[in-house]
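A structural walkthrough
If you want the building blocks of each chain, they are given just below.
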Amino acid sequence: MRTHYSEDINPELDGKTVEVYGWVHEKRDLGRLKFLIIRDREGFIQITAKKGITDENILKKIDKLTRESVIMIKGIVIGNPKAPRGVEINPEAIDIINRADSPLPLDVTKKVCADIDTRLNNRFMDLRKPEISAIFRIRNKIINAGRRYLLKEGFIEINSPKIIASASEGGTDLFPISYFDKEAFLAQSPQLYKQMMMAAGFDRVYETTTYFRAEEHDTRRHLNEVSAFDVEIAFIRDEEDVMKILENLTTKMMEAAASCEKELKLLNKDIKIPEVPFERITYDECIELLKKYGKKIEWGEDIDTEGEKILGNIMRDRFDTEIYFIKRYPLNTKPFYTMPYDDKYSRAFDLGYKGVEISSGSQRIHKHKLLLERIKFHNLNPENFEFYLKCFRYGMPPHGGFGLGIDRIMMQLLDLSIREVVLFPRDRHRLTP
Ligand code: ATP
Ligand code: MG
């Protein structure tokens, strides 16, 4: 049985017998002295074997060891100022549990070596690097912090279907699948279902969910399978009530990331915690600002990748903020369920972080008649939405919500590409591992 993780072994344990389990990270042979660096989930420990002192059988076993083999070491802790962290183990027993083949597909000891494709092709090995596993420990922390915040605010976690019969929002970015003798799709979002939960009287729901998007992107911020927090809230006054939840949720997630000191040190990153409320600018102000900086966007057009990036710089330089809301988007560019602000504008918003959208949301339409009009305006067939539309005829409260991309917030927090912050990313070219 493991008695200690490597990290827990310190000079104070001098003279104690411990048992550690892990991988052979490095092996050095100086003739009379043999060193092993054992790596486990929490860090490293040095094993020092000496000719004449260490049992001959153990020395022989060490000679035969290959890097990345899984081993057990039982031995005595020795405080030694020359050893890493001032401590090492003199082995009394070694068990080679599973010998690794060589050569290795990837060098775990080198910080930056292989290109991203080689790394992803050997992801299990890549993830053994402490600075890579640090990314996913931070990810674990921010997801948990998000959940904790939402539960504290009275949200109920739901699971909506991921196999659906028709598009949630229209559009073409759906993956078709064969479903017995019918056509079905992978869900691009839980949108319609979480709205139905508002009609069901659940008031506040969230889902830690997967979006499947058949978009033919090839960027550093798009994948075809995405993780997100998807949230819906009833009895709101307007979109501002939704934005408040989103800014608090985001802040809690960032605070959780900032608390991962060890991991951030490995990644050489600092995280700035924003102040609530976040800066808010309207779409029109956005277009104006961009124009001043030489980026022309026609009114009613999406703010493209370049525009988003420039806007991120403007917000940093002029407003001293990395995170900001863009609200009051033109109505007709937004999905059919978006609540109009007036004839021209909507109650939709985006959350930008360092020049990349990390969340979109809005107040939704809760009146059946208006919803039907907007569905028709978008050239969608109301018959495909009957199961959903029905909910609006028998008591639907006012509501709104958002989707917050977990992969997106992670990549922006750590200034990495999206492929680095997802365990096994799915893009146009990658389906394995
Ligand atoms: P974008 O315009 O950046 O492509 P979107 O507006 O199409 O994103 P939404 O439908 O608004 O995306 O989804 C809500 C959130 O989910 C986004 O703000 C983003 O954080 C995340 N998201 C959506 N699609 C993707 C994707 N293909 N890759 C990564 N994250 C995504
Ligand atoms: Mg969006």
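In this text the structure is predicted, and so the values were computed from the model without any measurement. (Residues numbered from 1 in each chain as written. Chains lettered and ligands numbered in written order. Predicted model: local features only at pLDDT ≥ 70, side-chain atom pairs only at ≥ 80, totals over all residues. Heavy atoms only, no water.)

**Here we look at the coordination of the magnesium ion (ligand 2)**
Distances from the magnesium ion (ligand 2) to its protein donors, namely Glu357 (OE) and Ser360 (OG), fall within the range 2.1 to 2.3 Å. Glu357 gets classed as partly exposed once you look at its relative accessible area, which sits at 25%. Taking relative accessible area as the criterion, Ser360 reaches 28% and is therefore assigned partly exposed. (Donors = N, O, S within 2.8 Å, 3.2 Å for Na, K, Ca; no water. Buried < 20%, exposed > 50% of the residue type's maximum accessible area, 1.4 Å probe, protein only.)

**Considering the nonpolar core**
When a protein is soluble and globular, its nonpolar side chains tend to lie buried together. Grouped together as the largest cluster of nonpolar side chains are 48 residues, with contacts concentrated most on Ile138, Ile142, Leu150, Phe402, Leu413 and Leu414. With nine residues, the top contributor of residues to this core is helix H4 (residues 130-152). Once you skip the residues sitting within four places of it in the chain, Leu413 turns out to touch Ile142, Met254, Ala257, Ile271, Tyr353 and Lys354. Within the second largest apolar cluster, 20 residues are counted, among which are Ile38, Leu59, Ile89 and Ile94. (Core = buried A, V, L, I, M, F, W, Y, C linked by side-chain atoms within 4.5 Å. Helix = DSSP H or I, 4+ residues; strand = E, 2+ residues; numbered from the N terminus. Contact = heavy atoms within 4.5 Å.)

**Topic: the packing of aromatic side chains**
With the rule as written, the count across this model stands at 13 aromatic pairs. Where Phe325 meets Phe349, the ring centres are 5.8 Å apart and the plane angle is 90 degrees; that geometry is what we call edge-to-face. Placement of the pair is Phe325 in strand E13 (residues 323-327) and Phe349 in strand E14 (residues 348-353), with a sequence separation of 24 residues. Note on Tyr388 and Phe392: the rings are 4.9 Å apart at their centroids and 65 degrees apart in plane angle, and the pair reads as edge-to-face. One aromatic cluster is present, built from ring pairs that chain together Phe336, Tyr337, Phe385, Tyr388 and Phe392. (Phe/Tyr/Trp six-rings, centres within 6.5 Å; stacked < 30°, edge-to-face > 60°.)

**So, the site of ligand 1**
Of all residues adjacent to ligand 1, which total 15 residues, the nearest are Arg213, His222, Leu223, Glu357 and Ile358. Glu215 is positioned with one of its side-chain polar atoms (N or O) 3.1 Å from a nitrogen atom of ligand 1. Taking Ile358, its main chain carries an N or O atom lying 2.8 Å from an oxygen atom of ligand 1. The protein chains hide 82% of the 580 Å² of surface that ligand 1 would expose on its own. Across the shell around ligand 1, the residue classes break down as five nonpolar, five polar and five charged. (Near = heavy atom within 4 Å. Polar contact = N/O pair within 3.5 Å; in protein donor to acceptor, adjacent residues only side chain to side chain. Areas by Shrake-Rupley, 256 points an atom, 1.4 Å probe, with all protein chains shown as cover. Nonpolar A, V, L, I, M, F, W, Y, C, P; charged D, E, K, R; others polar.)

**Some words on the side chain of Thr251**
In this fold, Thr251 is placed in helix H6 (residues 239-258). Thr251 sits in the buried class, given a relative accessible area of 8%.

**Describing the environment of Gln363**
Within the fold, Gln363 resides in strand E15 (residues 356-363). Residue Gln363 is classed as buried on the basis of its relative accessible area of 5%. Each C-alpha atom, one on Gln363 and one on Ile233, is 9.3 Å from the other, the two residues being 130 residues apart in sequence. Not counting chain neighbours up to four residues away, the residues in contact with Gln363 comprise Ile236, Arg237, Asp238, Glu239, Tyr337, Thr338, Met339, Arg347, His399 and Gly400.

Coordinates in, geometry out; function isn't part of it.
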